[in-house]
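Results of the structural survey
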Amino acid sequence: MEERTLNEKESLALITQMISSSKKNMEIGQGNYMLIWGYFTTTLSIILFALVNLTHNFIWSWGWMLMFVMWPIMSYRQRQKPPRVVTYTDKVISQVWQVMGWMFIVTFLTIGIIEFSFARYIDFILMLPLSLIYCGIGVSITGIIIQERWMTYTPLIAFIIAIYMLTMLMIGEKATTLWYLYFGLSFVFMMIIPGHIVNHKAKKQCLKN
Amino acid sequence: MFKELDPLLHSQLRLAVMSILLSVEEADFVYLKEKTQATAGNLSVQIDKLSEAGYIEVEKSFVGKKPRTTCRITPTGRQAFENYVNALKGYIG
């Protein structure tokens, strides 16, 4: 493209062409963040399940805190490789996940403070169903924004598992370490499968362009 | 009576840059270069002109050791673009 004056029709054509080309912002590897989170969480759930069952020591359940460590690592990684273009959609999705992130922190602190104040012990088992609900909402909203049907509806599996856990707690049943595996399985449906689907679609579209 | 077209926008490369920035939140120099297929030197000059007019904001930073230039449209730029399109409609319609 050169520096030249256009006539009126050329101007309008150029505006239309540029706007439509920047709207097609599918990039190869767009689902990678979901895949990283999905594989990390699923692997963590299996490792913690194995450790708690093999050692019969619940101290390993504190390993779930690694989920909080993962967050700054991912943010650092993103800062090291910023996207070449940020669309309004990207901005909205990023803000949705920021809100979800704060909900995790607030829930974690609130549960900790309340349990310690009333019962003098801390058990974060409630974080499992609540995390599934928060993540599920985040993934569903992301799916709606990017118009990806799988991503919108697969979190329903996570919601069902979360409601099962909450109901069990409500009727006085004890949580079991199997819940760790249910949690991991939810992430397979909620993040790993949609992540691969998004990557596949992005690759297909980029090859077409 | 036709409205005068903003001379700053009525040029191919600057109009292309403004159109792209209008439809995204921000874009870096490499992305703009790829979309407009302009040379780096020419694009850089046109970005400076748009920035001097207050139509776009330019942020220079480093990612590791590599320099990175990010551009985003300003409210003034958005208004100028709107005025430009309205003026164009007068010519065509």
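Conventions adopted
- Residues numbered from 1 in each chain as written.
- Chains lettered and ligands numbered in written order.
- Predicted model: local features only at pLDDT ≥ 70, side-chain atom pairs only at ≥ 80, totals over all residues.
- Heavy atoms only, no water.
- Helix = DSSP H or I, 4+ residues; strand = E, 2+ residues; numbered from the N terminus.
- Buried < 20%, exposed > 50% of the residue type's maximum accessible area, 1.4 Å probe, protein only.
- Contact = heavy atoms within 4.5 Å.
- Areas by Shrake-Rupley, 256 points an atom, 1.4 Å probe, with all protein chains shown as cover.
- Lys, Arg positive; Asp, Glu negative; His and termini not counted.
- Charge placed at Lys NZ, Arg CZ, Asp CG, Glu CD.
- Pairing = 2+ DSSP bridges.
- Salt bridge = Lys/Arg side-chain N within 4 Å of Asp/Glu carboxyl O.
- Polar contact = N/O pair within 3.5 Å; in protein donor to acceptor, adjacent residues only side chain to side chain.
- Expected span 1.5 Å × (residues − 1).
- UniProt positions renumbered as here; feature names shortened; annotations may be inferred.
- Buried area = accessible area lost by both parts, 1.4 Å probe.
- Nonpolar A, V, L, I, M, F, W, Y, C, P; charged D, E, K, R; others polar.
- Axes fitted to C-alpha atoms, helices over the stretch in contact; angles between N-to-C directions.

1. A short note on the overall build of chain A
Scanning chain A from terminus to terminus reveals 8 helices and 1 strand. Along chain A, helices (α) and strands (β) appear in the sequence α-α-α-β-α-α-α-α-α when read from the amino end. Principal-axis analysis of the C-alpha atoms places the extent of chain A at approximately 75 × 30 × 30 Å. A burial count over chain A gives 37% of its 209 residues as buried. A separation threshold of at least 6 residues defines the contact pool for chain A, and within that pool the share at least 24 residues apart is 75%. A total accessible area of about 12500 Å² is found for chain A, and carbon and sulfur atoms account for 68% of it. When the 16 positive and 10 negative side-chain charges of chain A are each reduced to one mean point, those points stand 5 Å apart.

2. A look at the pairing of strand S3 (residues 66-73) of chain B
For a regular strand, the rule is simple: side chains alternate between the two faces of the sheet. All names here are of chain B. In this sheet, S3 lies alongside strand S1 (residues 26-28) in antiparallel orientation, the contact comprising 2 bridges. If you follow Ala 27 over to S3, its bridge partner there is Cys 71. Pairing analysis gives 8 bridges linking strand S2 (residues 56-63) to S3, with the strands arranged antiparallel. By the bridge assignment, Lys 60 is partnered in S3 with Thr 69. Turn length for the S2-S3 hairpin, with the two strands adjacent in sequence and antiparallel, is 2 residues, and the turn residue Gly 64 shows positive phi of about 65°.

3. Focus: the pattern of salt bridges
One pass over the full model with this rule turns up 7 salt bridges over all chains. Here Glu 148 of chain A and Lys 201 of chain A are joined by a salt bridge, their closest N and O atoms 3.0 Å apart. Of this pair, Glu 148 of chain A sits in the loop between helix H5 (127-146) and helix H6 (149-153) while Lys 201 of chain A sits in helix H8 (residues 178-208), placing them 53 residues apart in sequence. Owing to a relative accessible area of 5%, Glu 148 of chain A belongs among the buried residues under this scheme. With its nearest N and O atoms 2.6 Å apart, the salt bridge here joins Glu 26 of chain B to Arg 72 of chain B. One end of the pair, Glu 26 of chain B, is in strand S1; the other, Arg 72 of chain B, is in strand S3, with 46 residues separating them in the sequence. By relative accessible area, which is 18% here, Glu 26 of chain B ends up buried. By relative accessible area, Arg 72 of chain B is classed as partly exposed at 21%. Several salt bridges share partner residues, and in doing so they unite Glu 26, Glu 57, Glu 59 and Arg 72 of chain B into one network.

4. Things to note about the side chain of Glu 148 of chain A
Side-chain polar atoms of Glu 148 of chain A contact the backbone nitrogen of Trp 150 of chain A, separated by 3.2 Å. A distance of 3.0 Å separates a polar atom in the side chain of Glu 148 of chain A from a polar atom in the side chain of Lys 201 of chain A.

5. A look at helix H2 (residues 32-55) of chain A
Residue and element names in this part refer to chain A. For H2, spanning 24 residues, the distance from its first C-alpha to its last is 34 Å, which sits close to the expected 34 Å at 1.5 Å a residue. Turning to H2, its buried residues number three or more, namely Met 34, Leu 35, Trp 37, Gly 38, Thr 41, Thr 42, Leu 44, Ser 45, Leu 48 and Val 52. Just downstream of H2 lies His 56, where phi reads positive at about 55°.

6. What to know about the UniProt feature "transmembrane region" (unreviewed entry) in chain A
Residues and elements named next belong to chain A. Sites flagged by UniProt as "transmembrane region" (unreviewed entry) map to residues 33-52, 58-76, 96-118, 124-146, 153-172 and 178-198. A distance of 33 Å separates the end C-alpha atoms of residues 96-118, which is 100% helix and 0% strand. Annotated as residues 124-146, this span is 87% helix and 0% strand, and its ends, taken at the C-alpha atoms, are 33 Å apart.

7. Some thoughts on the interface of chain B and chain A
The interface of chain B with chain A comprises 36 residues on the first partner and 27 residues on the second. Of the roughly 2900 Å² buried between chain B and chain A on both sides combined, carbon and sulfur atoms contribute 59%. Joining chain B to chain A, the criterion identifies 2 salt bridges. For Glu 25 of chain B, the salt bridge identified is with Lys 91 of chain A, shortest N-O distance 3.1 Å. At the junction of chain B and chain A, the tally comes to 10 residue pairs in polar contact (both at pLDDT 80 or more). Among the elements of the structure, helix H1 (12-23), S1, helix H2 (29-36), helix H3 (40-52) and helix H4 (75-92) of chain B are those that each provide at least two residues to the side of chain B that touches chain A. In terms of residues, the side of chain B that touches chain A owes the most to one element, H1 of chain B, which gives 10 residues. Among the residues making up the side of chain B that touches chain A, the classes are represented as 19 nonpolar, 9 polar and 8 charged. Where strand S1 (residues 85-86) of chain A lies against S1 of chain B, 2 bridges are found, and the strand directions are antiparallel.

8. Looking at the sheet that holds S3 of chain B
An order of S1(A)-S1(B)-S3(B)-S2(B) is seen for the 4 strands of this open sheet, with the pairing classed as antiparallel. The open sheet has two edge strands with one neighbour each: S1 of chain A together with S2 of chain B. On top of the sheet, H1 of chain B reaches S1, S2 and S3 of chain B; it is set at about 80° to S3 of chain B, its chief contact. Sitting on the sheet, H2 of chain B touches S1 of chain A together with S1 and S3 of chain B, and the angle it makes with S1 of chain B is about 85°.

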